[in-house]
Amino acid sequence: QVQLVESGGGLVHPGGSLTLSCAASGSIFSINAMGWYRQAPGKQRELVATITNGGSTNYADSVKGRFTISRDNAKNTVYLQMNSLKPEDTGVYYCNAGAVGWDLGEYDYWGQGTQVTVSS
């Protein structure tokens, strides 16, 4: 079982920056890809960025060049540096982790979400 705890959300003006963090804890064989998703009011949850345990990254087109995902494997923590924020970046941001259990089964975990509001 893995618990994901997110932090770093808040209210920011357009053009501002925020950094989200997500720490994974619990007993698991390994954590593979980690990522961030977001859900705006009235919309479906969408991918923001993902990163493999080898460091390969993938971004939604809407955030390329503005957001940077990174991870510290030793701390099982993933970060999302968000710059040049826009009102359309507003939403609840969820951390996701793909993991392999001690039974070698594959599991998918989600954090509780952290609110990001971009508004003047």
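The written sequence of each chain sets the order in which its residues are numbered from 1. Per-residue local features of the predicted model are confined to residues with pLDDT of at least 70, and side-chain atom pairs are confined, for both listing and counting, to 80 or more; whole-chain, interface and lining totals are unaffected and use all residues. As a rule here, side-chain values come from all non-hydrogen atoms in the structure, and water together with hydrogens is ignored.

Caption draft 1: Geometry of the packing of aromatic side chains. To pair, rings of Phe, Tyr and Trp, with the six-membered ring standing in for Trp, must have centres within 6.5 Å; the planes then decide the type, stacked if under 30 degrees apart, edge-to-face if over 60, and tilted in the middle. The full count for this structure, using the stated rule, is three aromatic pairs. On the basis of an interplanar angle of 65° and a centroid distance of 5.1 Å, the ring pair of Tyr 37 and Trp 110 is categorised as edge-to-face. One end of the pair, Tyr 37, is in strand S4 (residues 30-39); the other, Trp 110, is in strand S10 (residues 106-110), and 73 residues separate them in sequence. Throughout, exposure labels follow a simple rule: accessible area from a 1.4 Å probe, protein chains only, divided by the maximum for the residue type, with under 20% read as buried, over 50% as exposed, and the rest as partly exposed. Using a relative accessible area of 36% as the deciding quantity, one classes Trp 110 as partly exposed. Arg 45 extends its terminal NZ or CZ atom over the ring of Tyr 94, reaching a point 3.7 Å from the ring centre. Each ring is checked for a lysine NZ or an arginine CZ that lies within 6 Å of its centre and within 35 degrees of its normal; such an atom marks a charge sitting over the ring. Across from the ring centre of Trp 110, 4.7 Å away, lies the NZ or CZ of Arg 45, which sits over that ring. Strands are runs of DSSP state E lasting at least two residues, helices are runs of H or I lasting at least four, and both sets are numbered from the N terminus onward.

Caption draft 2: Just the pattern of salt bridges, in detail. A side-chain nitrogen of Lys or Arg and a carboxyl oxygen of Asp or Glu constitute a salt bridge if their distance falls within 4 Å. By the definition in use, this model includes four salt bridges. A salt bridge links Asp 89 to Arg 38; the nearest nitrogen and oxygen atoms lie 2.9 Å apart. Residue Asp 89 is found in the loop between strand S8 (77-82) and strand S9 (91-100), and its partner Arg 38 is found in strand S4; the two are separated by 51 residues along the sequence. Arg 38 shares its class with Asp 89; the two are buried. The closest approach of N and O atoms between Asp 61 and Lys 64, which form a salt bridge, is 3.1 Å. Residue classification places Asp 61 among the exposed positions, given a relative accessible area of 65%. The network of salt bridges with shared partners includes Arg 38, Glu 46, Arg 66 and Asp 89.

Caption draft 3: Highlighting the sheet that holds strand S3 (residues 18-26). A pair of strands is considered paired only if DSSP assigns at least 2 bridges between the two. Across the sheet, four strands lie side by side as S1-S3-S8-S7; this open sheet has antiparallel pairing. In this open sheet, the two strands that pair with only one neighbour each are strand S1 (2-7) and strand S7 (67-72). Across the sheet, the mean angle separating the axes of adjacent strands is 15° when strand polarity is ignored. For S3 and S8, the ladder comprises six bridges, and the chain directions are antiparallel. Paired with Leu 18 across the strands is Met 82, a residue of S8. To define axes, lines are fitted to C-alpha atoms, for helices over the stretch in contact only, and angles between the resulting N-to-C directions are given on a 0 to 180 degree scale.

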